[in-house]
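# Descriptive structure summary
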Amino acid sequence: MSNPFRALPSVDALASRLENNDAPRPRLIAACRTALDQARDMIRLGEGPPSEAELVAAVARILAEDDRLSLRSVINATGVIVHTNLGRAPLSTEAQQAMIDVARGYSNLEYDLAAGRRGKRDTHVEDLIVEITGAEGALVVNNNAAAVYLALSALAVGREVIISRGQLVEIGGGFRVPDVMRQSNAHLVEVGTTNRTRLADYANAITEQTVALMRIHSSNFRMIGFTEETSLDAMVTLAHERDLIVLDDLGSGTLLDTGLYGLDHEPTVFESITAGADVITFSGDKLLGGPQAGLLVGRRDLIEQLKRHPLARALRPDKLCLAGLAMTLKHYRDGEAIEKIPVWQMITMPLAQLEARARVWTGRLGGKVRDATSTVGGGSLPGNTLPTRAVALQVDAPDQFVARLRQADPPVIGRIQDDLLWLDPRTVLPNQDETLLAIVESALA
Ligand SMILES: *Cc1c(COP(=O)(O)O)cnc(C)c1O
């Protein structure tokens, strides 16, 4: 038999077959090289040489893949609502529109329209936060990690901050509270034990150098058994008696009570404010359901001090974030958060509605509608699940099947369990149902 490698065309010959493709020449040549390399790999694995038509199709596929941005929209059928790997919170239609409006042209980002002179970017969102939460002051930065870093850098540099050993957490993505404190040059004073920290532990650790007591919500893990945490109220009373401040990192920080929707109670921003915490930090894109941001609320003089710190400038959010966040907050102010914000729509989606969608899906795809569980994710409410009705599909080679779904346009992300492919309607936006079905159908074909 003749050498199968000899059957392959040269790069130039293959490129000449694709002359009416409008890719620039260097990209076309690179795509032809890649296609020929792949063909050689296949020949080495014992396959016959591809036909010219197959090679041309391969080049076209490589060019099309090249044309797509690396960061793109995917369909989340995992049932994990605030999925950190999948971009956390999807935004409300109105929040998306607000971002587009500001992206399209100029805006009054730092322009006071009434006075006709320079204004402040802070005001657009902070007045809303103050109105909704009742806090004295508010500030927005890039994310909650930045919020914690700024608070410690501006308020505790060179001083001692007392924190319970049970709260020295790693949030994920390498964000460890002790590391952040070191970076900010605040001195960390650990008190109590992993499972129990009493008020006396904090009181006994206070020195001339102490500036704050800090509470960190252990968002992503739960301790059970012989445990004791000091209440925020008690920490605040002690701190204020001794002229210290309380920093409260809520993590997700919700404005609505998750306890009303079949989940455990997640500490709310109002509860921290009512307890008297001096600076409270939380994320914009976890249970708040907005764009990536870090929100700081609390005592007016402290928030002003944070705003004046040089880091505040380095950590400031951009106009798109502010536009999306303002609209998300407006949903809360207007009492329409549950109806408008996708994270809350998903949390509160009735089982009957999930069941109805799952039935439509099995009508098209086969498989069975089965009881399953969705989770909140994003390091919130660990161990908490929401009952859902998911589609369980039997597929050949499940690992290869989900890989094929990930290669689709848009990619579909499902879950394999017990050798079945599971698709949970809860996290699939209702307007994505048809796209998801078409993609899974074609992968099954
Ligand atoms: C998620 C979280 C953070 C980090 O927030 P990002 O918005 O992801 O930067 C900090 N602290 C706690 C307790 C968290 O749960």
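Quick caveat: nothing in here was measured; it's all calculated off a predicted structure. (Residues numbered from 1 in each chain as written. Predicted model: local features only at pLDDT ≥ 70, side-chain atom pairs only at ≥ 80, totals over all residues. Heavy atoms only, no water.)

## Focus: the packing of helix H4 (residues 93–104) against helix H13 (residues 319–333)
Between H4 and H13, whose axes approach to 8 Å, the crossing angle comes to 150°. For the element pair H4 and H13, the recorded crossing hand is right-handed. Seen from H4, the contacting residues are Glu94, Ala95, Ala98, Met99, Val102 and Ala103; seen from H13, they are Lys319, Leu320, Cys321, Ala323, Gly324, Met327, Thr328 and His331. Counted by class, the contact of H4 with H13 contains 9 nonpolar, 3 polar and 2 charged residues. (Axes fitted to C-alpha atoms, helices over the stretch in contact; angles between N-to-C directions. Helix = DSSP H or I, 4+ residues; strand = E, 2+ residues; numbered from the N terminus. Left-handed = near helix turned anticlockwise from the far one by under 90°. Contact = heavy atoms within 4.5 Å. Nonpolar A, V, L, I, M, F, W, Y, C, P; charged D, E, K, R; others polar.)

## Some points on helix H5 (residues 123–133)
Those residues of H5 not exposed but buried are Val125, Glu126, Leu128, Ile129, Ile132 and Thr133. Within H5, the buried residues cover an arc of 160° as seen down the axis, which keeps them to one side. Structural note: H5 exposes Asp127 and Glu131 on the side pointing more than 90 degrees away from its buried face. Residues of H5 that are buried in the fold lie against strand S5 (137–141), helix H10 (269–275), strand S11 (294–298), helix H11 (300–308) and H13. Immediately beyond the C-terminal end of H5, within one or two residues, lies Gly134, with a positive phi of roughly 80°. (Buried < 20%, exposed > 50% of the residue type's maximum accessible area, 1.4 Å probe, protein only. Arc of directions from axis to C-beta.)

## Let's talk about the sheet that holds strand S7 (residues 187–191)
Strand order in the open sheet formed by 7 strands is S5-S11-S10-S9-S8-S6-S7, and the pairing between neighbours is mixed. Either end of the sheet is taken by a strand with one partner, and the two such strands are S5 and S7. Direction aside, the axes of adjacent strands within the sheet are offset by 20° on average. Across 5 bridges, the pairing between strand S8 (residues 210–216) and strand S9 (residues 245–251) is parallel. The partner of Ile216 across the bridge, within S9, is Asp249. The sheet contacts of H11 involve S5, S9, strand S10 (279–283) and S11, and relative to S5 the element is tilted by about 30°. (Pairing = 2+ DSSP bridges.)

## Let's talk about the domain arrangement of the protein
Parsing the protein into structural domains produces domain 1 (8–67), domain 2 (75–85 + 344–444) and domain 3 (91–340). Its C-alpha centre places domain 2 at a distance of 32 Å from the equivalent point of domain 3. Contact residues are listed per partner, giving 15 residues for domain 2 and 21 residues for domain 3. Surface buried jointly by domain 2 and domain 3 totals about 1500 Å² across both partners, of which 64% is contributed by carbon and sulfur atoms. Looking only at domain 2, the three residues that lose the most surface to domain 3 are Trp344, Leu381 and Pro382, adding up to 42% of its buried area. Connecting domain 2 to domain 3 are 0 salt bridges. (Domains from an automatic or database assignment. Buried area = accessible area lost by both parts, 1.4 Å probe. Salt bridge = Lys/Arg side-chain N within 4 Å of Asp/Glu carboxyl O.)

## Some words on the packing of helix H17 (residues 398–407) against helix H18 (residues 433–444)
At a minimum axis separation of 10 Å, H17 and H18 run at an interaxial angle of 135°. Accordingly, the angle class assigned to the pair H17 and H18 is oblique. Remark: the crossing between H17 and H18 carries right-handed chirality. Between H17, through Phe401, Arg404 and Leu405, and H18, the contact on the second element is made entirely by Ile439, Val440, Ala443 and Leu444. Residue classes in the contact of H17 with H18 are distributed as 6 nonpolar, no polar and 1 charged. (Parallel < 35°, antiparallel > 145°, perpendicular 65-115°, else oblique.)

## Description of the sheet that holds strand S16 (residues 420–423)
Taken in spatial order, the 5 strands of this open sheet run S2-S12-S13-S16-S15, and their pairing is mixed. The sheet is open, and its two borders are formed by strand S2 (80–82) and strand S15 (415–417), each paired with just one other strand. Strand-to-strand twist of the sheet, defined as the mean angle between neighbouring strand axes without regard to direction, takes the value 40°. Here strand S13 (residues 386–393) runs beside S16; their pairing, made up of 3 bridges, is antiparallel. When the sheet's bridge partners are listed, Ala392 is paired in S16 with Trp422. Against the sheet, helix H16 (residues 351–365) touches strand S12 (368–377), S13 and S16, its axis set at about 5° to S13.

## Concerning the packing of aromatic side chains
Scanning all chains against the criterion turns up 1 aromatic pair. Taken together, a centroid distance of 5.9 Å and an interplanar angle of 65° make the contact between Tyr261 and Trp344 edge-to-face. One end of the pair, Tyr261, is in the loop between S9 and H10; the other, Trp344, is in helix H15 (residues 342–347), and 83 residues separate them in sequence. Trp344 sits in the buried class, given a relative accessible area of 0%. (Phe/Tyr/Trp six-rings, centres within 6.5 Å; stacked < 30°, edge-to-face > 60°.)

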